[in-house]
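One letter stands for each residue in the lines below.
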Amino acid sequence: MRTLGKNIFLYATLILFSTMVFGVRWPVFLAPDKEFLLKQNYIDTSQCPPGEGKLNPSIVLNISQFFCKTFCPSKWSWIVNSDNKCHHLSTDFIFKNYVIEYIFNQDGTVNYSLVTAAYGRENSPTSFFTFKFMTPVGEYWGCFEMNPALHFISCTNDI
């Protein structure tokens, strides 16, 4: 597992270097934040106590339209997985982290990536809801978080 982590880090570093030197661009994007969700009326506050809200359980958000910084495919989307309960707007809608899973082919290449953005209370291990994004199967997209402080995701492929 340690070797896999080193290989992914090396791969990401090489891609970043080639982007800077050769001008190659890969998709760079963010996950939704509370302000966006409120502005777009994806958080319903009408069925909750004051200061609380719950996510619409059928949210599908186009990455290219709303969250893309560079060159995102038009069919990529964040899909919500919500507990459909009321949560405090000030503390429970905080972005916590990404979990990135790589699904490999038998030859060891990345078949696709699954990126999960988790939200909840800042110092709690529990997530109240997530947004998931899966790269198309068989297109060999490997995704990584570029800078944990900024929460940008980038995906590269071998095609």
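Everything here concerns the structure above.
Being a predicted model, the structure only gives us computed values, none of them experimental.

**Student:** Please give an account of the pairing of strand E8 (residues 94-104) that cites residues and values.
**Tutor:** In this structure, E8 lies alongside strand E9 (residues 110-120), joined through 10 bridges in antiparallel fashion. Its bridge partner being in E9, Phe104 is matched across the sheet by Val110.

**Student:** Break down the state of the cysteines for me, with residues and values.
**Tutor:** Under the definition given, this model contains three disulfides. Linked covalently through their sulfurs, Cys48 and Cys86 form a disulfide whose S-S length is 2.1 Å. Between Cys48 and Cys86, the S-S dihedral sits near -80°, and the bridge is therefore left-handed. With a gap of 38 residues between them, Cys48 in the loop between strand E2 (43-44) and strand E3 (52-55) and Cys86 in the loop between strand E6 (77-82) and strand E7 (87-88) connect regions that are remote in the sequence. The exposure class assigned to Cys48 is buried, which follows from its relative accessible area of 12%. Using a relative accessible area of 26% as the deciding quantity, one classes Cys86 as partly exposed. Covalently, Cys143 is tied to Cys155 through a disulfide, its sulfur atoms 2.0 Å apart. Where Cys143 bonds to Cys155 through sulfur, the torsion about that S-S bond is close to 100°, and the disulfide is right-handed. In this pair, Cys143 is assigned in strand E11 (residues 141-147) and Cys155 in strand E12 (residues 152-157), connecting sequence segments 12 residues apart. Ordering the disulfide-forming cysteines of the protein by sequence position, one finds them joined as 1-4, 2-3, 5-6.

Thresholds, definitions, all that
- Residues numbered from 1 in each chain as written.
- Predicted model: local features only at pLDDT ≥ 70, side-chain atom pairs only at ≥ 80, totals over all residues.
- Heavy atoms only, no water.
- Pairing = 2+ DSSP bridges.
- Helix = DSSP H or I, 4+ residues; strand = E, 2+ residues; numbered from the N terminus.
- Disulfide = S-S within 2.5 Å.
- Buried < 20%, exposed > 50% of the residue type's maximum accessible area, 1.4 Å probe, protein only.

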